[in-house]
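Each chain, written out:
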Amino acid sequence: MSSIDVAPTVLRWLGVRPPNSMRGEQIEAGADVGVSRLDALRARWANTRDGRQSASFMAIVTLAGIVFLALGTWRGIAVAARPALRIGALGLLWWPSAVLLAALVEPTSRAGEALLVAVVAIVLGVLTERLLPWARAPIVPALACLVAYAIDLALGGPLLTVSVLGPSVASGARFYGVSNELEPILPIVLLVGLAALTSGREVTRRTLALYVGAGLALLVVVGWGRLGADVGGVLTVAAGVAAATLVLLPGAMSARRLAVAALVPVAALAFLIAIDLGLSNGSHLTRNLLRADDPSELRELVTRRYQLAWRILTSAGKPALFLASLLALAFAWRNRERLYGGLPHRGWSAALVGGLAAGVTGALTNDSGPVLFVNAVLGLAGLTAYLLGRPPDEAHDERPHGGRRLR
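Residues numbered from 1 in each chain as written. Predicted model: local features only at pLDDT ≥ 70, side-chain atom pairs only at ≥ 80, totals over all residues. Heavy atoms only, no water.

**What about the overall build of the protein chain?**
- Looking only at helices and strands, the protein chain has 16 helices and 0 strands in total.
- Per-residue burial over the protein chain gives 48% buried out of 407 residues.
- Once local pairs closer than 6 in sequence are excluded, the contacts in the protein chain between residues at least 24 apart make up 72%.
- If you sum the accessible surface of the protein chain, you get close to 19800 Å²; carbon and sulfur atoms cover 67% of it. (Helix = DSSP H or I, 4+ residues; strand = E, 2+ residues; numbered from the N terminus. Buried < 20%, exposed > 50% of the residue type's maximum accessible area, 1.4 Å probe, protein only. Contact = heavy atoms within 4.5 Å. Areas by Shrake-Rupley, 256 points an atom, 1.4 Å probe, with all protein chains shown as cover.)

Have a look at this one:
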C-alpha cells in the first residue's frame, strides 16, 4: 500500500469507478497477521536498510581474502591466487541465494546477517569449485538463484520482501516485486550461467535460441505484474540479453544489427503489456505506461524519475561509489587485453558486454539509476575475478571439455 492507493480505494468503496488518470490501486486485504508479527516486520524492514546489503557483500569478499591468505600460507601465493579468485567469484554468485536463505532466519544484528550470508555463500562457493570444472561451475549458483527468486515471486515474495535485496518497504516502496538493487544482478547471473552452459561448444542457431528463450523467461519473471512487477527491469533485461546476443553472432557488427538490438527493449515492453492485459487485466506495467492521457504526463513521469535518481546520486557516499564504478570501467577497458585476453568462449565476452548494457540501461531508465549502475559494476567485477582465476589450460580453448576436471 502507498499513499496514492487511498483515493481509488475510497472511491471503490463508495461505488465510484476511479478515473483512468488517477494513480494507485484499490487496497486489498491480505493474510491475517498478528500484532507481534507486524511489529517484527516493521523492525525487519527498518533493519534491512541499515547497510546490510553492502555489509554482506563485503563479508563475502573478506572471507574470500581469508581463503587466499590461508591457501597462500599453506601452498604459496602462486598456487593460491587462482583458486581464491574462483571461490570468491562463485561466492558472489551464491550471494543472492544466500540472502534469501538469511531472510528465513531474519537475523536481528547487521553483523550476524552479514556473517551468515558470507559463510553460506563461501562454503557453497568452495563446494562448487571442488566438485565442478571451471567452465561449468557457475551453472549451479546461477540456476539456484534464478529458480529461487522465480518461485519466491510466484508465492508473493515472502522472502524477498524481508531480505536485504528486497524493496525498500520502510521508505514507502511497494511491498512486492523485484527491487532496483536486485534488477541488474539477475540478468548478469543469467548471462554468466549461459556462458558456463555453452562454454566449449560451437555457437549455433540453437545457442542463440537458448539465449533468447532464457531472456524472455527472465523478462516475464522480472516484469510481469503477478511476479516481479518491475517496469524498468523489462528494459534492463532486454538490453542485457540483446547486447549479449549481438556479441555471440558471427561476423562483423553492422548498423542493421545495432538497430535491431535497440528495438528489442521496445518489443519487450510491448510483449509484457500484452501479457499484462491478457492475463492480469492490467497491472503494474500497464498502470505505469498506458494511463497517461497526454504527453505531458509521460514527461512528468520521466522527469520525476530523473529527479529521484539525481537525489540518490548526490546523497551521502553515492558520488564516491559512482565515480569508483566509472573508474573501474575505464580501468577494465584500458587493461582489457590483460584482463580478458584469451577467453575460451564468446559466451564470457557476451556476459561482460550484456551485463554492462543491462547496468547502463537500468541506470538510465530507473529512479534509482546510480544504485543499479554500481551493483552492475560489482557483478561484473565478480565475473572478472572468475575469468582471472581460470586455469591456464582454459585459455584459447574452444573445444568441448566433456566431464574432465579443469585446473
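**A word on unusual backbone geometry**
- With a phi close to 55°, Glu-106 is a non-glycine residue in the positive phi region.
- By secondary structure assignment, the location of Glu-106 is in the loop between α4 (77-105) and α5 (110-131).

**Things to note about α4**
- Its maximal kink placed at Trp-95, α4 deviates by approximately 45°, while the proline Pro-96 follows within four residues.
- Of the residues one or two after α4, Glu-106 is the one with positive phi, at around 55°. (Bend = angle between axes of the 7 residues up to and from the residue.)

**A word on the pattern of salt bridges**
- By the definition in use, this model includes 2 salt bridges.
- Across the pair Glu-113 and Arg-52 runs a salt bridge whose closest N-O atoms are separated by 2.6 Å. With Glu-113 in helix α5 and Arg-52 in helix α3 (residues 52-75), this residue pair connects regions lying 61 residues apart in the sequence. The residues Glu-113 and Arg-52 share a single accessibility class, namely buried.
- As a salt-bridge pair, Arg-86 and Glu-129 come within 3.1 Å of each other at their nearest N and O atoms. On the criterion of sequence distance, the pair formed by Arg-86 in helix α4 and Glu-129 in helix α5 is long-range, its members being 43 residues apart. The residues Arg-86 and Glu-129 share a single accessibility class, namely buried. (Salt bridge = Lys/Arg side-chain N within 4 Å of Asp/Glu carboxyl O.)

**Looking at the packing of aromatic side chains**
- Enumeration over the complete set of coordinates arrives at 5 aromatic pairs.
- When the centroid spacing of 5.2 Å and the interplanar angle of 50° are considered together, the rings of Phe-322 and Phe-373 count as tilted. Of the two residues, Phe-322 sits in helix α13 (residues 318-334) while Phe-373 sits in helix α16 (residues 369-388), which places them 51 residues apart along the sequence.
- Classification of Phe-322 as partly exposed rests on a relative accessible area of 24%.
- Summarising the aromatic geometry, the rings of Trp-348 and Tyr-386 are spaced 6.3 Å apart at their centres and angled 45° between planes, so their arrangement reads as tilted. Taken together, the residues Trp-348 in helix α15 (residues 346-365) and Tyr-386 in helix α16 connect sequence positions 38 residues apart.
- Assessed through its relative accessible area of 0%, Trp-348 is described here as buried.
- Connected via pairs of aromatic rings, a cluster forms that spans Trp-134, Trp-348 and Tyr-386.
- The ring of Trp-74 is capped by Arg-75, whose NZ or CZ atom sits 5.8 Å from the centre of that ring.
- One Lys or Arg, Arg-336, reaches over the ring of Trp-333 and ends 4.0 Å from the middle of that ring. (Phe/Tyr/Trp six-rings, centres within 6.5 Å; stacked < 30°, edge-to-face > 60°. Lys NZ or Arg CZ within 6 Å of the ring centre and 35° of its normal.)

**Structural notes on the confidence of the model for the protein chain**
- Confidence in the prediction for the protein chain averages 82 pLDDT; 81% of positions are at 70 or higher.
- For the protein chain, the element scoring lowest by mean pLDDT is helix α11 (residues 284-289), at 54; helix α7 (residues 185-198) scores highest, at 96.
- Counting interchain partners and residues more than four positions distant, the pLDDT-below-50 stretch residues 397-407 has 34 contacts. (pLDDT = per-residue confidence, 0-100.)

**A short note on the environment of Pro-167**
- If you trace the backbone, Pro-167 turns up in the loop between α6 (139-154) and α7.
- For Pro-167, a relative accessible area of 9% translates into the label buried.
- Considered as a pair, Pro-167 and Gly-177 are 10 residues apart in the sequence and their alpha carbons are 7.1 Å apart.

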